[in-house]
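Each chain, written out:
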Amino acid sequence: MHRVVAVVVPPVLSFDVSIPLMVFNSVPDYDVRVCTARPGPMPTVGGPDIVVPDGLEAVEGADTVIAVGSGGERAPAEALDALRKAAATGARIASLCTGAFVLAQAGLLDGRRATTHWGLAGDLATRFPSVDVQPDLLFVEDGGIFTSAGAAAAIDLCLHLVRIDYGAAVANTAARLAVVPPVRPGGQSQFIETPLPPERGTSLAPTRAWALEHLDRPLTLGDLAGHARTSVRTLSRRFHAETGLSPLQWLLHRRVDRARELLETTELPMDQVARKSGLGSADSLRKHMTGRVGLTPTAYRASFSRSVTRPGPGDKTLAVDPSPGQREQVARRARGHAAGRPDRAQVTP
């Protein structure tokens, strides 16, 4: 059982506290706790009081520790000590939105790249000049420490952590339960301009949803534009404004995601996985999986398959579900390969 502990440091939004509970509690393999330096009733910013039941002793032995809240001047010393001890003992450390200020106060972001809500990025950079603040990114990993921007970006980061632990299929299920888009892929730079408001109050979301239902087809720009009832030029401009990617780049990412899910949840031959995900051939599947994930399809299936393969007559091999530690080792190697450097990954809105 993977234990996730959210360390709440006021001032905090009640919504931010709810995010790790919503995402991680949707996966049976997580045990989720919420703690703070002073348990009991806690006021929130612009919302009702909440009750945080546990003290900081809950952090001991946690697998993932997430700092939630506090763009305030100073977090309680005992909370900072708990975060430092968790990092020193090998726990995965993360922050949601203003939680980056807490990690910075604990010294855990010194010399690292990090992000927070765009409206507070300048303040973070000014108060903590040793932190390499990335104001345009959705979430950042540097050396095993994760930071996210606010609101939906915090959900994306939690889903990203689920994907690291249990693969794309489980993360996609968690995303569907939260009624949000599937987790955005890590290990890529998407430096995008501020999204433009959709023209005439419309959005390309229905076209993206339609494309997801037809990934096995050879979709073209003309097909997408036809569904959206717009020109190819307008489609491309609006697609980039809404997603940060060109239509064909977005399709490729979604097809690789579909291939990953099929590799995790089925025993289909590689050529069928390639065909059902729209990647064409087993060679194309291998090329794109290696380029995006850093693993061949066979290696990815061996590392992330959720099923145990029973040996047939004369078969002396048995494929077993890897441990969380093995998953993290493989995922870290994949993220480093995709980002072009070890132990770092980044995503933008």
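## What about the overall build of the chain?
A tally of regular secondary structure across the chain gives 14 helices and eleven strands. Entry remark: accessible area of the chain is about 15600 Å², with carbon and sulfur atoms responsible for 56%.

## Comments concerning the environment of Leu120
Relative to the assigned elements, Leu120 resides in the loop between strand S7 (113-114) and helix H4 (121-127). Between the C-alpha atom of Leu120 and that of Thr98, which follows or precedes it by 22 residues, the distance is 7.9 Å. Sequence-distant contacts of Leu120, that is, excluding residues within four places in its chain, are made with Thr98 and Phe101.

## Quick word on the packing of aromatic side chains
Counted according to the given criterion, the structure contains four aromatic pairs. Residues Phe101 and Phe128 carry aromatic rings whose centres are separated by 6.4 Å and whose planes lie at 70° to one another, so their mutual orientation is edge-to-face. Placement of Phe101 in helix H3 (residues 99-105) and of Phe128 in the loop between H4 and strand S8 (132-133) is noted, with a sequence separation of 27 residues between them. Just as Phe101 is buried, Phe128 falls in that class too. Arranged with centres 5.6 Å apart and planes meeting at 70°, the rings of Phe239 and Trp250 form a pair that is edge-to-face. Here Phe239 is found in helix H9 (residues 232-243), whereas its partner Trp250 is found in helix H10 (residues 247-265), with eleven residues between them in sequence. Judged by its relative accessible area of 7%, Trp250 is buried.

## Comments concerning the side chain of Thr115
Tracing the backbone shows Thr115 in the loop between S7 and H4. What makes Thr115 buried here is its relative accessible area of 0%. Polar side-chain contacts of Thr115 include one of 3.4 Å to the backbone oxygen of Leu137. Apart from residues no more than four positions distant in its own chain, Thr115 is found in contact with Ala100, Gln134, Pro135, Leu137, Leu138, Phe139, Val140, Thr147, Ser148 and Ala149.

## Description of the packing of helix H7 (residues 205-212) against H10
Between H7 and H10, whose axes approach to 11 Å, the crossing angle comes to 40°. Taken as axis vectors, H7 and H10 run oblique relative to one another. As H7 packs across H10, the resulting crossing turns out to be right-handed. Here Arg208, Ala211 and Leu212 of H7 lie close against H10, whose contacting residues are Trp250, Leu251, Arg254 and Arg258. Residues belonging to the contact of H7 with H10 are distributed by class as follows: four nonpolar, no polar and three charged.

## Overview of the pattern of salt bridges
The final tally for this structure, using the stated rule, is nine salt bridges. Note that Arg84 and Asp81 form a salt bridge whose closest N and O atoms lie 2.7 Å from each other. Placement of the pair is Arg84 and Asp81 together in helix H2 (residues 77-88), with a separation of three residues, close to one helical turn. A residue is classified by how much of its surface remains accessible, and Asp81, at 36% relative accessible area, is partly exposed. One salt bridge in this structure joins Asp165 and Arg92, with 2.8 Å as the shortest N-O distance. Here Asp165, found in helix H5 (residues 152-166), pairs with Arg92, found in strand S6 (residues 92-96); they are 73 residues apart in sequence, far enough to count as distant. Arg92 carries the same exposure label as Asp165, and that label is buried. Salt bridges linked by common partners bring Arg163, Arg254 and Asp257 together as one network.

## A closer look at the nonpolar core
Of all hydrophobic cores here, the largest spans 37 residues; its most connected members are Phe24, Tyr30, Leu96 and Val162. Counting only elements with at least two residues in this core, the list comes to strand S1 (2-8), helix H1 (14-24), strand S2 (30-36), strand S4 (47-52), strand S5 (64-68), S6, H5 and helix H6 (168-177). Considering every element that reaches this core, the biggest residue donor is H5, with ten residues. Leaving out residues up to four positions away in the same chain, Leu96 has contacts with Asp16, Ile19, Pro20, Ile66, Ala67, Val68, Gly69, Ser148, Ala154, Leu157 and Cys158.

## Overview of the side chain of Arg292
Position of Arg292 among the secondary structure elements: in helix H12 (residues 282-293). Comment: no salt bridge for buried Arg292; closest opposite-charge side chain is Asp257, at 4.3 Å. Side chain to side chain, Arg292 and His253 meet in a polar contact 2.6 Å long.

## Let's talk about unusual backbone geometry
For the bond from Pro10 to Pro11, the omega torsion is 5°, close enough to zero to count as cis. Structurally, the position occupied by Pro11 is in the loop between S1 and H1. The phi angle at Ser70 is positive, at roughly 85°, despite the residue not being glycine. Position of Ser70 relative to the elements: it lies in the loop between S5 and H2. By relative accessible area, which is 1% here, Ser70 ends up buried. The residue Arg229 is not glycine, and still its phi comes out positive at about 60°.

Rules of the game
Residues numbered from 1 in each chain as written. Predicted model: local features only at pLDDT ≥ 70, side-chain atom pairs only at ≥ 80, totals over all residues. Heavy atoms only, no water. Helix = DSSP H or I, 4+ residues; strand = E, 2+ residues; numbered from the N terminus. Areas by Shrake-Rupley, 256 points an atom, 1.4 Å probe, with all protein chains shown as cover. Contact = heavy atoms within 4.5 Å. Phe/Tyr/Trp six-rings, centres within 6.5 Å; stacked < 30°, edge-to-face > 60°. Buried < 20%, exposed > 50% of the residue type's maximum accessible area, 1.4 Å probe, protein only. Polar contact = N/O pair within 3.5 Å; in protein donor to acceptor, adjacent residues only side chain to side chain. Axes fitted to C-alpha atoms, helices over the stretch in contact; angles between N-to-C directions. Parallel < 35°, antiparallel > 145°, perpendicular 65-115°, else oblique. Left-handed = near helix turned anticlockwise from the far one by under 90°. Nonpolar A, V, L, I, M, F, W, Y, C, P; charged D, E, K, R; others polar. Salt bridge = Lys/Arg side-chain N within 4 Å of Asp/Glu carboxyl O. Core = buried A, V, L, I, M, F, W, Y, C linked by side-chain atoms within 4.5 Å. Lys, Arg positive; Asp, Glu negative; His and termini not counted.

That's the geometry; what it means functionally is another story.
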